[in-house]
Amino acid sequence: MERPALEVADIFRAHGPAWRQHERGHLSLGQLKVMSAIEQCRSIALGGHALRCSSCDEPQIAYNSCRNRHCPKCQSSAAQRWLEARQTDLLPVPYYHVVFTLPAPISAIAYTNKESLYALLFDIAAETLRTIAADPKHLGARIGTTLVLHTWGSALTHHPHVHGIVPGGGLTPDADRWVPCKPGFFLSVRVLSRFFRRRFLEELQSLHRDGRLKFFGDYVDLADAEAFADWLMPLRQCEWVVYAKRPFAGPEAVLAYLSRYTHRVAISNSRLIANDERGVTFRWKDYREHGRTRYKTMTVVTGEFMRRFLLHVLPSGFHRLRHYGLLANANRKHDIPTVRELLHEPVPVAAADPIATGTVRPTFMCRHCGAPMLVIETFARAQHIRGPPTSPSLL
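Read on for an overview of the structure. Note that this is a predicted model, so its numbers are computed, not measured.

The rules behind the values
- Residues numbered from 1 in each chain as written.
- Predicted model: local features only at pLDDT ≥ 70, side-chain atom pairs only at ≥ 80, totals over all residues.
- Heavy atoms only, no water.
- Salt bridge = Lys/Arg side-chain N within 4 Å of Asp/Glu carboxyl O.
- Helix = DSSP H or I, 4+ residues; strand = E, 2+ residues; numbered from the N terminus.
- Buried < 20%, exposed > 50% of the residue type's maximum accessible area, 1.4 Å probe, protein only.
- Polar contact = N/O pair within 3.5 Å; in protein donor to acceptor, adjacent residues only side chain to side chain.
- Contact = heavy atoms within 4.5 Å.
- Expected span 1.5 Å × (residues − 1).
- Axes fitted to C-alpha atoms, helices over the stretch in contact; angles between N-to-C directions.
- Parallel < 35°, antiparallel > 145°, perpendicular 65-115°, else oblique.
- Core = buried A, V, L, I, M, F, W, Y, C linked by side-chain atoms within 4.5 Å.

**Some remarks on the pattern of salt bridges**
Turning to step 1, where the next piece is worked out: Going through the model one piece at a time under the given rule, you end up with 16 salt bridges.
Turning to step 2, where the next piece is worked out: One salt bridge connects Arg199 with Glu127, and the closest N-O pair in it is separated by 2.7 Å. Note that Arg199 is positioned in helix 6 (residues 189–209) and Glu127 in helix 5 (residues 114–134), a separation of 72 residues in sequence.
Turning to step 3, where the next piece is worked out: For Glu127, a relative accessible area of 26% translates into the label partly exposed.
Turning to step 4, where the next piece is worked out: In this structure, the salt-bridge partner of Arg288 is Asp286, at a minimum N-O distance of 3.1 Å.

Written as structure tokens, this is what we have:
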């Protein structure tokens, strides 16, 4: 694959040092680590390999990747490995796509309470789907879902929402029958929206009561319980966006969708157009419009682009991809075979071990003739000289 003309790494390398100095004290350690990882990704700073083609003797240098989950260059291979591991979990039923979105006022306080509110978004979205599906008036079955967190809009604004991929049906409470949903219809979006709104606001108020929310700037007054209750009142009346799309066209379409969404980052390098004296120009999609006019370009000053990109750095150790119900790690090994048996679907044949069969794909391929590349030299990452500690207690 050819290198894009412009990458996020190029912008960070050119403008990151001066911008970090200007924003000193306003960037978290996590954001600084992400910037550093992206700047060093596939550069001599991380070391690499000297290669030679086994067929045409073409030399090549391959630098190591940072493997940071926010890096636009490091997610495609991770997504492919994840998809290969999940292929055997696909069921021969329609799959539905459901989206749960937080209202703008809650999104604003979610930025300074990422770990608490992102986790709450996951849990309440999963609870909503499972509770409504378990109701005999709707489906009356135990379902499974895979939820993926996205925190961005197309213009890199802070827009937390989860995408849910849900099989079209579920197991009865006794696990003796598969209950399919109606053709082309999963669950009532109106019912999902109302339940999601009520449960989220209940748990949000509980977090506030327990002192687990932090408020800054324009929202500092919300630390007061009465002010917070007044602030929540309009959110109890407005409509919350829960969107259900048409079912996918078969399991292959589910995999194709997941390959684009599970390991996506805030912006891909392919959307970048230019970085010049005006700032950074990139492509974005305006969902308020339809047709060709929804595809637009936007130019923001370079510092603003970096600020928007770093809005979406997740807390350390936070899982942005989670499975619930039938697809949860604790249930998958038992429930998936049960569903296949009830649907009279044969167990998929596991892919042959490439190591045992000798069909392991070479890590490096020649860009000219496609033959395997041979590693002739390995060089380690750069070692930075560190001074001795200045505190006597550390000596």
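**Here we look at the side chain of His312**
Turning to step 1, where the next piece is worked out: In this structure, His312 sits in the loop between helix 9 (302–310) and strand 12 (321–325).
Turning to step 2, where the next piece is worked out: A distance of 2.9 Å separates the side chain of His312 from the side chain of Thr151, its partner in a polar contact.
Turning to step 3, where the next piece is worked out: Once residues lying within four places of it in the same chain are set aside, the contact partners of His312 are His70, Lys114, Thr151, Trp152, Leu156, Thr157, His158 and Ala266.

**Regarding the environment of Leu171**
Turning to step 1, where the next piece is worked out: Examined against the element boundaries, Leu171 turns out to sit in strand 6 (residues 169–171).
Turning to step 2, where the next piece is worked out: Sequence spacing of Leu171 and Ala141 is 30 residues, and the spatial spacing of their C-alpha atoms is 5.1 Å.
Turning to step 3, where the next piece is worked out: When near neighbours in sequence (up to four residues on either side) are disregarded, Leu171 contacts Ala141, Arg142, Arg177, Trp178, Leu326, Asp335, Thr338, Val339 and Leu342.

**A short note on helix 2 (residues 29–40)**
Turning to step 1, where the next piece is worked out: For helix 2, which comprises 12 residues, the first-to-last C-alpha distance of 17 Å matches the rise-based estimate of 16 Å (1.5 Å per residue) to within 8%.
Turning to step 2, where the next piece is worked out: Looking at helix 2, one finds that the buried residues are Gln31, Val34, Met35, Ala37, Ile38 and Glu39.
Turning to step 3, where the next piece is worked out: The inward-facing, buried residues of helix 2 abut helix 1 (8–22) and helix 9.

**What about the packing of helix 1 against helix 9?**
To describe two helices that pack against each other, one gives the angle between their axes and the distance between the axes.
Turning to step 1, where the next piece is worked out: In contact at an axis separation of 10 Å, helix 1 and helix 9 are set at 110° when each is read in the N-to-C sense. The pairing of helix 1 with helix 9 is recorded here as roughly perpendicular in orientation. Contacts between helix 1 and helix 9 pair Val8, Ile11, Phe12, His15, Gly16 and Trp19 from the former with Thr302, Gly303, Phe305, Met306, Arg307, Phe309 and Leu310 from the latter.

**Topic: the nonpolar core**
Turning to step 1, where the next piece is worked out: Counting 49 residues, the largest nonpolar core has Ile106, Leu117, Leu129, Phe186, Phe196, Phe200 and Leu204 as its most contacted members.
Turning to step 2, where the next piece is worked out: For this core, the secondary-structure elements that each account for two or more residues are strand 3 (95–101), helix 4 (104–110), helix 5, strand 4 (144–152), strand 5 (158–167), helix 6 and helix 7 (225–237).
Turning to step 3, where the next piece is worked out: Of all the elements, helix 5 adds the most residues to this core, at 12 residues.
Turning to step 4, where the next piece is worked out: Ignoring anything within four residues of it in the chain, the contact list for Ile106 reads Leu117, Phe200, Leu201, Leu204, Trp231, Leu235 and Trp240.
Turning to step 5, where the next piece is worked out: If you look at the next biggest cluster of nonpolar residues, it comprises 29 residues, including Ile11, Ile38, Ala266 and Val300.

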